[in-house]
Amino acid sequence: MPVSDYDLCEAWKHVLGLCRVNRGDNVTILTDRSTHPQNLRAATIALQSLGAVVTRIDLQPVDAEKALSRDAFGYLGTTPLTGNEAALAACLASDLVVDLMVLLFSDEQQKILESGTRILLAAEPPEILVRLIPTEVDKARVNAAARLLEAASRMHVTSDAGTDVVFSLGQYPAVKEYGFAEERGRWDHWPSGFILTWPNEGHSNGRIVIDRGDIVLPLKRYATGPITLEIKDGYVTSISGGTDAELLREFMESFNDREGYAMSHVGWGLQDRAKWSTLSFYDREQTIGMDARAFAGNFLFSLGPNLEVGGTRNTACHVDVPLRGCSITLDGKAIVERGIVLNMNVEDQ
Ligand SMILES: O=c1ccc(O)c[nH]1
């Protein structure tokens with residue numbers, strides 16, 4: 001259902017408060033043609049009501065001649081900030097950047113974060129933002145999961161559909177997505193509510209079966225039949241199945257880049273308010289699919305870049321696939337059982 005301007009402003013004030021926006025803070029809002037106008041209006045009003053000094057920079061789209069879709073995650077790497085020294089300077093001079101256009105997986109995003117500027121990404125439509133508004137409870141759950149993940153050296157994922165894959169861990173930190181950026185140099189995505197990390201480079205081996213009903217992003221399709229990925233030494237070596245597999249293969253082949261077949265992040269969903277079915281209620285271009293990435297109990301794996309954790313793999317090809325019904329263990333300890341998140345000791349901070 002649509003959201004009133006008042007309710008959306010209140011939601012933005014809540015989240016920007018969690019981002020610790022203070023009176024006098026410099027905040028730059030980045031927009032492009034995909035930006036939802038009501039989000040821009042609400043974010044601007046909310047920021048000014050908190051006393052922030054607001055700058056809005058509207059950026060021109062790029063890569064139209066290369067991308068197969070208009071989805072923000074359909075072609076990564078270069079962004080409208082690439083080579084835009086004026087806009088980058090404004091971001092570097094800001095305490096917070098509100099990204100309404102998706103900088104994710106870009107060198108520019110890393111430069112901005114390394115300067116100490118915080119980034120809050122928010123590219124979903126207003127009603128999804130309001131339904132999945134982040135809370136301190138979300139943060140506590142994600143932090144508890146991060147403690148488990150960062151202490152682990154081995155993730156084993158299995159499913160009745162045939163997934164049986166092992167990831168060695170430890171080379172990279174956990175990335176916590178709970179929906180607000182409150183610490184210096186931190187990035188987060190509203191909406192979210194999931195935990196992820198990258199496997200040690202070259203140490204992912206086994207098979208992943210994308211089962212009927214699992215979602216393939218950015219294709220935004222519910223698979224109608226199994227897609228089997230063989231993974232060896234950190235790379236997908238084969239993709240087999242029916243039409244869905246052919247579509248995924250063609251999408252990935254279009255980048256002509258072996259690095260697009262590398263394992264990217266792995267983790268699991270923790271957001272009870274996010275739903276696997278949400279994508280079925282939207283036209284594909286109305287959403288970037290964050291319910292799919294965040295629904296509690298998913299096993300979310302992805303292929304392609306590793307810039308977010310200091311890697312150098314900046315391939316433009318990025319695939320996110322949240323699977324249902326998987327079981328995840330960390331060093332033999334059950335964390336998710338057939339798509340159900342087992343209790344975590346959230347209390348101890
Ligand atoms: O929030 C996000 C969105 C996409 C992605 O691949 C990771 N995290």
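What you see as residue numbers is a count from 1 along each chain, following the sequence as written. Only residues with pLDDT of at least 70 get local features here, since the model is predicted, and only at 80 or more are side-chain atom pairs given and counted; chain-wide, interface and lining totals rely on the full set of residues. Excluded from the side-chain calculation are hydrogens and water; included are all heavy atoms of the structure.

Description of the confidence of the model for the protein chain
As a reminder of what qualifies: pLDDT measures how confident the predictor is about each residue, on a scale from 0 to 100. Helix and strand definitions here come from DSSP, where helices need a minimum of 4 consecutive H or I residues and strands a minimum of 2 consecutive E residues; each element is numbered from the N-terminal end.
Looking at the protein chain, the pLDDT average stands at 96 and 99% of residues meet or exceed 70. By mean pLDDT, helix α4 (residues 107–114) is the weakest element of the protein chain at 94, and strand β6 (residues 164–168) is the strongest at 99.

Brief notes about unusual backbone geometry
Each neighbour pair has its own omega, and for Trp-190 with Pro-191 the value is 10 degrees, a cis peptide bond. Position of Pro-191 among the secondary structure elements: in the loop between β8 (187–189) and β9 (194–197). Residue Leu-217 is joined to Pro-218 through a cis peptide bond whose omega torsion reads 5 degrees. With respect to the helices, strands and loops of the structure, Pro-218 is situated in the loop between β11 (215–216) and β12 (221–222). Positive phi outside glycine occurs at Arg-20, with the angle close to 60 degrees.

Re the nonpolar core
For soluble globular proteins, the rule of thumb is that nonpolar side chains tend to be buried together. As a reminder, the rule being used: We define a nonpolar core as any set of buried Ala, Val, Leu, Ile, Met, Phe, Trp, Tyr and Cys residues linked to one another through side-chain atoms lying within 4.5 Å. To sort residues, take the accessible area from a 1.4 Å probe on protein chains only and compare it with the maximum for the residue type: under 20% means buried, over 50% means exposed, and anything in between is partly exposed. Just so you know, the domain bounds were taken from an automatic or database domain assignment. Contacts are assigned to residue pairs with any non-hydrogen atoms lying within 4.5 Å of each other.
Residues Trp-12, Met-155, Phe-167, Ile-210, Trp-268, Phe-299 and Phe-301 are the most contacted members of the largest nonpolar core, which totals 80 residues. No other element matches the seven residues that helix α1 (residues 5–18) contributes to this core. Counting residues domain by domain, this core receives three or more from each of domain 1 (5–130) and domain 2 (135–348). Sequence-distant contacts of Trp-268, that is, excluding residues within four places in its chain, are made with Ala-145, Leu-149, Met-155, Phe-194, Ile-195, Asn-298, Leu-300, Ile-328, Leu-330, Ile-335, Val-336 and Val-341.

Describing the domain arrangement of the protein chain
Put simply, the rule is: Accessible surface is computed with a 1.4 Å probe, and the buried area is the amount of it that two parts give up when combined, taken over both parts together. By definition here, a salt bridge exists when the distance from a side-chain nitrogen of Lys or Arg to a carboxyl oxygen of Asp or Glu is within 4 Å. Counted as a polar contact is a pair of N or O atoms within 3.5 Å, where, for protein atoms, one must be capable of donating a hydrogen and the other of accepting one, and residues adjacent in sequence contribute only when both atoms are in side chains.
If you check the domain split of the protein chain, you get domain 1 (5–130) and domain 2 (135–348). The C-alpha-based centres of domain 1 and domain 2 are spaced at 24 Å. Contact residues are listed per partner, giving 36 residues for domain 1 and 38 residues for domain 2. For the pair domain 1 and domain 2, the two sides together bury roughly 3,400 Å², of which 60% comes from carbon and sulfur. In this assembly, domain 1 and domain 2 are joined by three salt bridges. For Arg-70, the salt bridge is made with Glu-285, and the minimal N-O distance between the two is 2.7 Å. Inspection of the domain 1/domain 2 interface yields 19 residue pairs in polar contact (both at pLDDT 80 or more). Looking at the side of domain 1 that touches domain 2, the elements with two or more residues in it are α1, α4, β4 (118–121) and α5 (126–131).

Quick notes on the layout of surface pockets
Note the following rule: Both cavities and pockets are sets of points on a 1 Å grid over the protein atoms alone; in a cavity a 1.4 Å probe fits but cannot get out, in a pocket the set is open with protein on both sides within 12 Å along at least five of seven lines, and lining residues sit with an atom within 4 Å of a point. Grid points are joined across faces, edges and corners, and a volume is the space filled by probe spheres set on the points. All residues other than Ala, Val, Leu, Ile, Met, Phe, Trp, Tyr, Cys, Pro, Asp, Glu, Lys and Arg, Gly among them, are scored as polar; the first ten of these are nonpolar and the last four charged.
Estimates place the volume of the largest pocket at around 1,200 Å³. Lining the largest pocket are 42 residues, with Ser-34, Ser-69, Arg-70, Asp-71 and Ala-72 positioned closest to its centre. Ranked by the residues each element gives to the lining of the largest pocket, the list is headed by helix α7 (residues 243–253), at three residues. Of the residues assigned to the lining of the largest pocket, the class counts are 21 nonpolar, 10 polar and 11 charged. Two domains each provide a minimum of three residues to the lining of the largest pocket, namely domain 1 (5–130) and domain 2 (135–348). A volume near 330 Å³ is recorded for the second largest pocket. Lining of the second largest pocket is provided by 24 residues; of these, Val-175, Glu-177, Trp-187, Leu-196 and Glu-308 occupy positions nearest its centre. In terms of residue class, the lining of the second largest pocket is made up of 13 nonpolar, five polar and six charged. Both domains that furnish three or more residues to the lining of the second largest pocket are identified here as domain 1 (5–130) and domain 2 (135–348).

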